[in-house]
Amino acid sequence: MRPNKEAIEFDNSVENAVKKYLNNKQAYCMYPGCNMHAISSHTISKKISLNQISENGILFSPESKRMYPEKKYGIGEIGINDASTFKGFCKIHDEIFFSVDKNGIKSQKDVFLQVYRVLNFIIFNENVINKMAPLFYEKLNTSLKNENIKKIIERGKNTATEANEIRIKKLNKYSSNILNIINAGGLNSATFDEEAFLTLDITMDQDIQENSHNKNEDNLIIVHRKVNYHIPVAMATKVSFSLNTQGKEDELFLICIPYENYSDLIIMFAKGKSLFAKNNHYLHYIYNDLNMLELIEKTMVNSEDWWMSPREWY
Ligand SMILES: [Zn+2]
């Protein structure tokens, strides 16, 4: 039996609670070992990127903020100061992104810094969902009358909580590995060519090799491409979608940073489980402009963490 639509007609109370929580929350720095208060900062540089696509300080972004799977999908305005902003790092540790914010991605090290920042943005949001989930279920529970449906919801709640915790644990593992690589100091800080292309194979014991054939399934592949045209959407997200007809889901991290005349694109995925990795399939998406734009569009349908120029919308 499906809960009838009328029974789960949500108002915005949970969404408002999330906003209140985020505004009031005294968040702490996510840098390992730091317990300073976090400040609000952008995941995607406001100065050199978001400013380029905003119109009078406004961007367009999906409106329903990840609380209701059933909720209608809408696009709305978001102020540039709120776009991609999160309380992730203290004033001191936010400084590690100074160069990326000011100059964009210019080196291998910058790619890792940007990935590290996006991972923490995603972890922060997942943690917020975890914190707010009880409120969501309470709301659901009081609006439902049928006891059987309540039981189904309760089971779903436990599965979702478990899945969330596993997901956060994995994301934290990725994040700490990326940070260890950054701090080990071995990354190339030489400046890229304009149409740079970089594939890195990251083993979970913090070793990196370029285009290696390491078999470890947990390894991450990071691909970066700088394209010499402007993509009108900024994106910092993780999505799951099916690349084939058998319904096998691929998990993909996608970062798009537009500048005035060019754009940086970074994709990341776990090597072993992904169809992107199989036979270097990702090259098909990354090298070919049409396929790449299709991938971005596909990601926009599946994700809420993107910000688009209002100019392009109309
Ligand atoms: Zn800190």
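Thresholds, definitions, all that
- Residues numbered from 1 in each chain as written.
- Predicted model: local features only at pLDDT ≥ 70, side-chain atom pairs only at ≥ 80, totals over all residues.
- Heavy atoms only, no water.
- pLDDT = per-residue confidence, 0-100.
- Helix = DSSP H or I, 4+ residues; strand = E, 2+ residues; numbered from the N terminus.
- Contact = heavy atoms within 4.5 Å.
- Expected span 1.5 Å × (residues − 1).
- Bend = angle between axes of the 7 residues up to and from the residue.
- Buried < 20%, exposed > 50% of the residue type's maximum accessible area, 1.4 Å probe, protein only.
- Polar contact = N/O pair within 3.5 Å; in protein donor to acceptor, adjacent residues only side chain to side chain.
- Core = buried A, V, L, I, M, F, W, Y, C linked by side-chain atoms within 4.5 Å.
- Donors = N, O, S within 2.8 Å, 3.2 Å for Na, K, Ca; no water.
- Tetrahedral: all angles 85-135°; square planar, octahedral: opposite > 155°, others 65-115°.
- Axes fitted to C-alpha atoms, helices over the stretch in contact; angles between N-to-C directions.
- Parallel < 35°, antiparallel > 145°, perpendicular 65-115°, else oblique.
- Left-handed = near helix turned anticlockwise from the far one by under 90°.
- Nonpolar A, V, L, I, M, F, W, Y, C, P; charged D, E, K, R; others polar.
- Phe/Tyr/Trp six-rings, centres within 6.5 Å; stacked < 30°, edge-to-face > 60°.
- Salt bridge = Lys/Arg side-chain N within 4 Å of Asp/Glu carboxyl O.

Caption draft 1: Examining the confidence of the model for the chain more closely. In the predicted model, the chain carries a mean pLDDT of 80, and the fraction of residues at 70 or more is 78%. Per-element confidence in the chain is highest for helix α3 (residues 91-94), whose mean pLDDT is 97, and lowest for strand β6 (residues 208-210), whose mean pLDDT is 44. Scored below 50 in pLDDT, residues 66-70 makes 16 contacts in the model with residues more than four places away or belonging to other chains. Overall, residues 205-214 carries pLDDT values under 50, and its contacts beyond four positions in sequence, including any with other chains, amount to 28 contacts.

Caption draft 2: Fine view of helix α5 (residues 108-143). With 36 residues, α5 extends 51 Å between its outermost C-alpha atoms, agreeing within 8% with the 52 Å of an ideal straight helix rising 1.5 Å per residue. The largest bend in α5 is about 40°, located at M132, with the proline P134 one to four residues further on.

Caption draft 3: Region of the structure containing helix α6 (residues 147-184). Compared with the 56 Å implied by 1.5 Å per residue over 38 residues, the 55 Å span of α6 between its first and last C-alpha is a close match. Those residues of α6 that fall on the buried side of the exposure criterion are I149, N164, I168, L171, Y174, S175, N177, I178, L179, I181 and I182. Its side-chain oxygen placed 2.8 Å from the backbone nitrogen of N148, N146 serves as the N-cap of α6.

Caption draft 4: Structural context of the environment of W313. Relative to the elements of secondary structure, W313 occurs in helix α9 (residues 310-313). For the pair W313 and P232, spaced 81 residues apart in sequence, the C-alpha to C-alpha distance is 9.6 Å. If sequence neighbours within four positions are ignored, W313 has contacts with F60, I75, W306 and M308.

Caption draft 5: Representation of the nonpolar core. Formed by 52 residues in total, the largest nonpolar core has its most connected members in V115 and W307. If you list the elements that add at least two residues to this core, you get α2 (46-53), β4 (85-89), α5, α6, β7 (220-227), β8 (233-242), β9 (249-258) and β10 (263-270). For this core, the element with the most residues is α5, which contributes 13 residues. Counting residues in hydrophobic clusters, the runner-up holds 25 residues, among them I221, A277, I286 and M292.

Caption draft 6: Region of interest: the coordination of the zinc ion. In the first shell of the zinc ion, the protein supplies C29 (SG), C34 (SG), C90 (SG) and H93 (ND1), at 2.1 to 2.4 Å from the metal. The coordination sphere of the zinc ion comprises 4 donor atoms, whose angles at the metal cover 103 to 114°; the geometry is tetrahedral. Counting along the primary sequence, the residues that act as donors to the zinc ion give the motif C-x4-C-x55-C-x2-H. With C29 in the loop between α1 (13-24) and β1 (39-42) and C90 in the loop between β4 and α3, this pair connects stretches of sequence that are 61 residues apart. In this structure C90 comes out as buried when scored by relative accessible area, which is 1%.

Caption draft 7: Layout of unusual backbone geometry. The backbone of N56 shows a phi angle near 50°, a positive value even though the residue is not glycine. Looking at where N56 falls in the secondary structure, it is placed in the loop between α2 and β2 (58-62). Phi angles above zero are rare outside glycine, and S84 is one such case at about 70°. Tracing the sequence through the fold places S84 in the loop between β3 (75-79) and β4.

Caption draft 8: Region of the structure containing the packing of α5 against α6. Two numbers describe how α5 lies on α6: the axes approach to 9 Å, and their chain directions differ by 160°. Considering their axes alone, α5 and α6 lie roughly antiparallel with respect to each other. For the element pair α5 and α6, the recorded crossing hand is left-handed. Here the contact of α5 with α6 is built from residues that sort into 19 nonpolar, 8 polar and 6 charged.

Caption draft 9: Quick peek at the packing of aromatic side chains. Applying the stated rule across the entire model yields 9 aromatic pairs. Seen from their ring centres, F86 and F89 are 6.3 Å apart, and the 80° between their planes marks the pair as edge-to-face. Pair check on accessibility: F86 and F89 agree, each one buried. Ring geometry for F121 and W307: centres 6.2 Å apart, planes at 55°, overall tilted. Of this pair, F121 sits in helix α5 while W307 sits in strand β11 (residues 306-308), placing them 186 residues apart in sequence. For W307, a relative accessible area of 2% corresponds to the buried category.

Caption draft 10: Geometry of the pattern of salt bridges. Summed over all chains, the structure comprises 11 salt bridges. D94 is the salt-bridge partner of R117, the closest N and O atoms lying 3.6 Å from each other. With R117 in helix α5 and D94 in helix α3, the pair connects residues that are 23 residues apart, well separated along the chain. According to the relative accessible area criterion, R117 is buried, its value standing at 1%. D94 sits in the buried class, given a relative accessible area of 14%. Where K238 meets E126, a salt bridge forms, and the shortest distance between an N and an O atom there is 3.9 Å. Of the two residues, K238 is situated in strand β8 and E126 in helix α5; the sequence distance between them amounts to 112 residues. Exposure remark for K238: the relative accessible area of 18% places this residue in the buried category.

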